[in-house]
Structures are given as C-alpha cells and as structure tokens.
Amino acid sequence: MNLTKKMLALLIVLSMLVGAGGMYGSMALFGNESKYVQNGEVNELPKTETKINSDGEFAKLQKTYEIISSRYVEDVDRDKLLEGAIQGMVKTLKDPYSVYMDEETASQFTQSLDSSFEGIGAEVSMVDGKVTIVAPFKDSPAEKAGLKPNDQIITIDGKSVEGLDLYKAVLKIRGEKGSVVTLGVKRSGVNDVMPIKVTRDEIPIETVYSDIEEVKGKKIGVLEITSFSEKTGSDFKKQLTELEKEDIDGLVIDVRGNPGGYLEAVDSILRQIIPENKPFVQIEDRKGNKERYVSALKEKKDYPIVGLIDKGSASASEILAAALQEAGNYDLVGEKSFGKGTVQQSIDLGDGSNIKLTLFKWLTPDGNWIHKKGVKPTFEVKQPEYFYTNPIAVEKKALEFDMNNEQVKNAQVMLNGLGFQTGRDDGYFDEKTQAAVTAFQRANNLPATGKVDAKTAGKMESKVIDSIRDEKNDVQRKTAIELLAK
C-alpha cells in the first residue's frame, strides 16, 4: 500500500480524533543531496550506510524465529513473530514519537479526510510510557468534559492501557458520534484516578479563526490557530488579508492548546510574517547537518505582533512561537509550552504496515533545542484559578457539610470563580461553603439542598466551561491585546 497524501494528512491530524502527538515533515529537507520528504510523502530516503552482517546479527534473529516457530510448545503465528520483532526494534529507541503500525492498525487510520471527523477532539502522545493528553481542541468533547494538557489516561472504559502502544490506545478511544467513552485519568496534584466521561462527536477540520477587538481606539486583530493541517497556511493568509483590509493596529496569534501538525503549514505562515534577516527554523539531521529556512519577506509588518502560548502549545506551535520571539523580536504571552523538538515521517514498509519514525530535530532561529524544555513566554500570565480546576467526582454520596477532601476543594474553586464565594478553598465543607452551594443551586433552578450531588456538580462544571470560553474572562488574551493597544 502506498502512502498517499491523504494518509499522511490523517496521521497529522489524528488530534481531531484523538491524536498521536507529533509534527510531520512535509517540506523538502536538506536540499537536492538528500531529499527525504516532499509534498507530505517520503520519496527518497538515503541509502543506509549501516553494514548488515547477515551471517551474524540477522542469522541470530532468523535462528530465534525458526526455533520459536517450529519448537515452541504451542503453534504460533509466524506473521505475529515478525511483527513482534519489528515492534521490539522500534521500542528500543525509547522514543514516544516513533511507532510501528501493523497493517490492521494502519488501515484503520486510512479513512477519507473530508470536512470532519468523529472522535473526542484531543491530541495524545506517549510521555514516560503513559498515554498523555497534549491538548484538547477548542470546543471539542474533550474540552467540554474537562480533559487538560498532561492528563495521563490510565484506563479506557475500565480497562487498563498498560502494554498498549499509542495507536492501539487511540483506536480504543475513538468511536462513533454520540457514543460515550469513560477515561480513567491521573492528574498532577490529584491522588485518585478520575473517571471522565466523554461523548464523542463530529469534529470539524477548520483550524483558523479570526476576530477584531477595539481597545483604546485601536483595532487589534486576533488569529487563533487550533492545529496545523493541510489548509492552515492558506486559511491563515486569507484571514490575515481580511484583517489587514480593516487597518488593524496590531495582531495576536493564538496557538494555545494547539498540539502541532504539518511542518509545511507553519512554514507557510512564518513566510508571511517573519522577515528575511534571520532563519525562522532550523532542521537538523542525525549528523548535525542543518538546513535553515528563511523567508523572502523584505520587511516586518507595519504593526506589532504578540504570540499567545500555553502548556498545550506543542511542536509546530512552538516553532511559530520561537520564530516570533527570536526571529521577529515579538513578545509572547502566557505559559511555558509543551516542549517537543522533533519531526516525524511515516514510512511505508510495502505491505500496508508503516513506521512513524523521528528523522530530525528542529531548532529555534538562535539554534536552541526546546525538546522537554518548552518555549518560555516574554510575559508569563496565568489564567484565573478556576480555569485549572479538576472535575468533581461525585459517586454514591453527595459532598456535604463537614466533609474534607479534594472534591470539596474542586467545588470551592469553581464556586469562587463563578462568583459564589465560599471564603476558602482548602477542601473543608463549612457553613459558608454550604451557603455558596445553596445560592448556586437557587440561581440555576436546582433543589436548594446545600449539598453537591451529581446534578449540581455537572451544572457547576458546565458553568465553569462557559465562563472559560467567555473571552472577557481570558486574562492571557486580554494581556496580549493590552500590550498591542499601548
């Protein structure tokens, strides 16, 4: 099976379904001497210089294969033996972004990419051996359910993911619109595994959103990029042109929660906004050879630009952020980014199976490798505390007066953020907390019991999500806009 462009596009935007974290090369890398990637496909991988001792290493492998297939106590599937050998080689790399997909797994990712997907809408990666959320997508079921960057998925529908590779886990999380998946999630600062139910839905591919906000008599354009897919570069250009027709006085480029995607897409965007005096990214191969990418843009835009990042900004988002900061001398606002500094390519093995393999590092304009470090903002700005709160797990017994636990603390943080003051957020359910719960229930047409049952908890979480999505509460965005409106 040949890897078509659509296949590669699917591998890039798995995030729409539940992604398998990574940035994929789709530019021609390292000039004419070793053109690895072009138009999203591997065309010419350089011939290996590794000498194969067929009488040594591979003879040992073949002998092991023959002994197991002919003498093991039970019949074995020879194809599975070979699959296991390949998986073993990839696993020895200890690289969460390099993955082998057998024919069956690969075929499940080859569905057509039209205008939407069905899934939960979150990018996942393998971090320290754990299936981990990189970022939920804007307005996705994952975001609405309360999934956050760095959440570790421990179970799927009650079954452990231990031993599953990333793609096997992804296939179990994916599903049809309207169906529900229950994820057992471990979150930093929370002792227990939290059950989070996510109702799968249709996830549109649209990746660029634009807006204009007037502050202090100035027009500030905002371009939000939710991922870097096949059409993101052209969509960015189209919407930036429309903003410039409105004579904007400044531009915010928001890549918060953006887990990455096509290298080609971020390349296209940076050529529109970064001038030619400095490379906007450097791609480095295993030998240390670097290819520097430089824009043909003669001058900077005649308006200032500010980038918005957070811990869900990964890979291609970090290329953009670092380029703004180091090559454009623009400010970044928000929180330190995820920290992924490698580029992957999917390589067809000829029988329908493939390997997604890390082929390159990417470096910032100044030559920094941000892998596992992230990009630091110029202005570190955190959102209000309730933006980071955890879902309230109310099972058999409601939260009530005199309780003291993490769930009560979550409820207090939510109530305070929604304007129902509890006077504390230490997890002790006192009389003032009870009064705040009662006031919330009355304001939302719920029985005024003063106890947080499942229905009250659900309404609180829903209101918090509505508040988070309300731009007037977005401190990071407001800070970026105010910087430009000075």
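Residues numbered from 1 in each chain as written. Predicted model: local features only at pLDDT ≥ 70, side-chain atom pairs only at ≥ 80, totals over all residues. Heavy atoms only, no water.

Attention shifts here to the overall build of the protein chain. For the protein chain, the helix and strand inventory stands at 13 helices and 22 strands. Taking the intrachain contacts of the protein chain between residues at least 6 apart in sequence as the baseline, contacts between residues at least 24 apart amount to 67%. (Helix = DSSP H or I, 4+ residues; strand = E, 2+ residues; numbered from the N terminus. Contact = heavy atoms within 4.5 Å.)

With that settled, the discussion passes to the packing of aromatic side chains. Tallying each qualifying case throughout the model produces two aromatic pairs. Geometrically, the ring pair formed by phenylalanine 420 and phenylalanine 440 is edge-to-face, given 5.5 Å between the ring centres and 85° between the ring planes. One end of the pair, phenylalanine 420, is in the loop between α10 (406-417) and α11 (431-443); the other, phenylalanine 440, is in helix α11, with 20 residues separating them in the sequence. Against the face of tyrosine 330 rests lysine 300, its NZ or CZ located 4.4 Å from the ring centre. The side chain of lysine 382 reaches across the aromatic face of tyrosine 388, ending 4.8 Å from its centre. (Phe/Tyr/Trp six-rings, centres within 6.5 Å; stacked < 30°, edge-to-face > 60°. Lys NZ or Arg CZ within 6 Å of the ring centre and 35° of its normal.)

Looking now at the pairing of strand β8 (residues 152-156). As paired strands, strand β7 (residues 130-136) and β8 are joined by two bridges and run antiparallel to one another. Paired with threonine 132 across the strands is glutamine 152, a residue of β8. Two strands pair when backbone bridges link them, and β8 and strand β10 (residues 180-186) are joined in this way by four bridges, in the antiparallel orientation. The partner of glutamine 152 across the bridge, within β10, is lysine 186. In textbook terms, the turn of a hairpin is the stretch between consecutive antiparallel strands, and for β8 and strand β9 (residues 159-160) this stretch comprises two residues, one of which, aspartate 157, has a positive phi near 50°. (Pairing = 2+ DSSP bridges.)

Here we come to the nonpolar core. Proteins that are soluble and globular tend to have nonpolar side chains buried together. Counting residues in each nonpolar core, the largest one holds 41 residues, and the members touching the most others are Phe228, Leu251, Ile253, Leu270, Ile273, Leu320 and Leu324. Listing elements by their share of this core, those giving two or more residues are β14 (218-225), α7 (232-245), β15 (250-254), α8 (263-273), β16 (281-284), β18 (305-309), α9 (316-327) and β21 (354-363). By residue number, the principal contributor to this core is α9, which donates eight residues. Grouped together as the second largest cluster of nonpolar side chains are 23 residues, Ala122, Leu147, Val161 and Val190 included. (Core = buried A, V, L, I, M, F, W, Y, C linked by side-chain atoms within 4.5 Å. Buried < 20%, exposed > 50% of the residue type's maximum accessible area, 1.4 Å probe, protein only.)

Of all the 11 residues making up α8, eight are buried; the element is thus mostly covered by neighbouring parts of the structure. Turning to α8, its buried residues are Leu263, Ala265, Val266, Asp267, Ile269, Leu270, Gln272 and Ile273.

Turning our attention to unusual backbone geometry. A positive phi angle, near 55°, is found at lysine 216, a position not held by glycine. Note that lysine 216 resides in the loop between β13 (208-215) and β14. Notably, aspartate 247 is not glycine yet its phi reads approximately 55°, a positive angle. Tracing the backbone through its elements, the reader meets aspartate 247 in the loop between α7 and β15.

As a further point, take the environment of valine 185. Counting through the fold element by element, valine 185 comes out in strand β10. The exposure class assigned to valine 185 is buried, which follows from its relative accessible area of 0%. For the pair formed by valine 185 and isoleucine 156, sequence separation is 29 residues and the distance between their alpha carbons is 9.1 Å. Contacts of valine 185, omitting those with residues within four sequence positions, involve Leu147, Asp151, Gln152, Asp192, Val193, Met194 and Ile196.

A word on a nonpolar patch on the surface. Taken together, the side chains of Ile68, Tyr72 and Val73 define a hydrophobic patch exposed on the protein surface, amounting to about 310 Å² of accessible area. Structurally, valine 73 is set in the loop between α2 (57-71) and α3 (78-91). Valine 73 gets classed as exposed once you look at its relative accessible area, which sits at 72%. (Patch = residues over 30% accessible without salt bridge, like charges linked within 9 Å, V, L, I, M, F, W, Y side chains within 5 Å. Areas by Shrake-Rupley, 256 points an atom, 1.4 Å probe, with all protein chains shown as cover. Salt bridge = Lys/Arg side-chain N within 4 Å of Asp/Glu carboxyl O.)

Assignment of secondary structure puts isoleucine 481 in helix α13 (residues 475-484). Put simply, isoleucine 481 and isoleucine 305 are 176 residues apart on the chain and 9.7 Å apart in space, counted from C-alpha to C-alpha. Not counting chain neighbours up to four residues away, the residues in contact with isoleucine 481 comprise Glu213, Val215, Ile220, Val222 and Val252.

Attention now moves to the packing of α8 against α9. Interhelical geometry of α8 versus α9 gives an angle of 20° and a closest axis separation of 9 Å. Between α8 and α9, the interaxial angle falls into the category roughly parallel. Of the two possible hands of crossing, α8 and α9 adopt the one that is right-handed. Across from Leu263, Val266, Ile269, Leu270 and Ile273 in α8, the residues of α9 making contact are Ala316, Ile319, Leu320, Ala323 and Leu324. Looking at the contact of α8 with α9, its residues break down into 10 nonpolar, no polar and no charged. (Axes fitted to C-alpha atoms, helices over the stretch in contact; angles between N-to-C directions. Parallel < 35°, antiparallel > 145°, perpendicular 65-115°, else oblique. Left-handed = near helix turned anticlockwise from the far one by under 90°. Nonpolar A, V, L, I, M, F, W, Y, C, P; charged D, E, K, R; others polar.)

This paragraph deals with the sheet that holds β18. Each strand in a sheet pairs with another by means of backbone hydrogen bonds, the pair being arranged parallel or else antiparallel. Taking strand neighbours across the sheet as the criterion, the six strands line up as β13-β14-β15-β18-β19-β22 in an open arrangement whose pairing is mixed. Across the chains shown, the open sheet's two edge strands, defined by having one partner strand only, are β13 and β22 (379-380). Taken together, the four bridges between β15 and β18 define a ladder with parallel strand orientation. Pairing of leucine 251 across the sheet is with isoleucine 305, part of β18. Those strands touched by α13 are β13, β14, β15, β18, β19 (331-334) and β22, and its axis lies near 170° from that of β18.

What follows covers a negative patch on the surface. A surface patch of like charges, here negative, comprises Asp77, Asp79, Glu103, Glu104 and Asp351. You can see aspartate 77 is positioned in the loop between α2 and α3. The exposure class of aspartate 77 is partly exposed, given its relative accessible area of 40%. (Lys, Arg positive; Asp, Glu negative; His and termini not counted. Charge placed at Lys NZ, Arg CZ, Asp CG, Glu CD.)

A word on the pairing of β16. Of the two faces of β16, both are covered, the one formed by Val281 and Ile283 as well as the one formed by Gln282 and Glu284. As consecutive antiparallel partners, β16 and strand β17 (residues 290-293) are separated by five residues, and within that stretch glycine 288 has a phi angle of approximately 90°, a positive value.

Tallied over the full model, the rule gives 18 salt bridges. Notably, a salt bridge pairs arginine 477 with aspartate 211, separated by 3.0 Å at the nearest N-O pair. Of the two residues, arginine 477 sits in helix α13 while aspartate 211 sits in strand β13, which places them 266 residues apart along the sequence. A relative accessible area of 7% places arginine 477 in the buried class. Classification of aspartate 211 as partly exposed rests on a relative accessible area of 28%.

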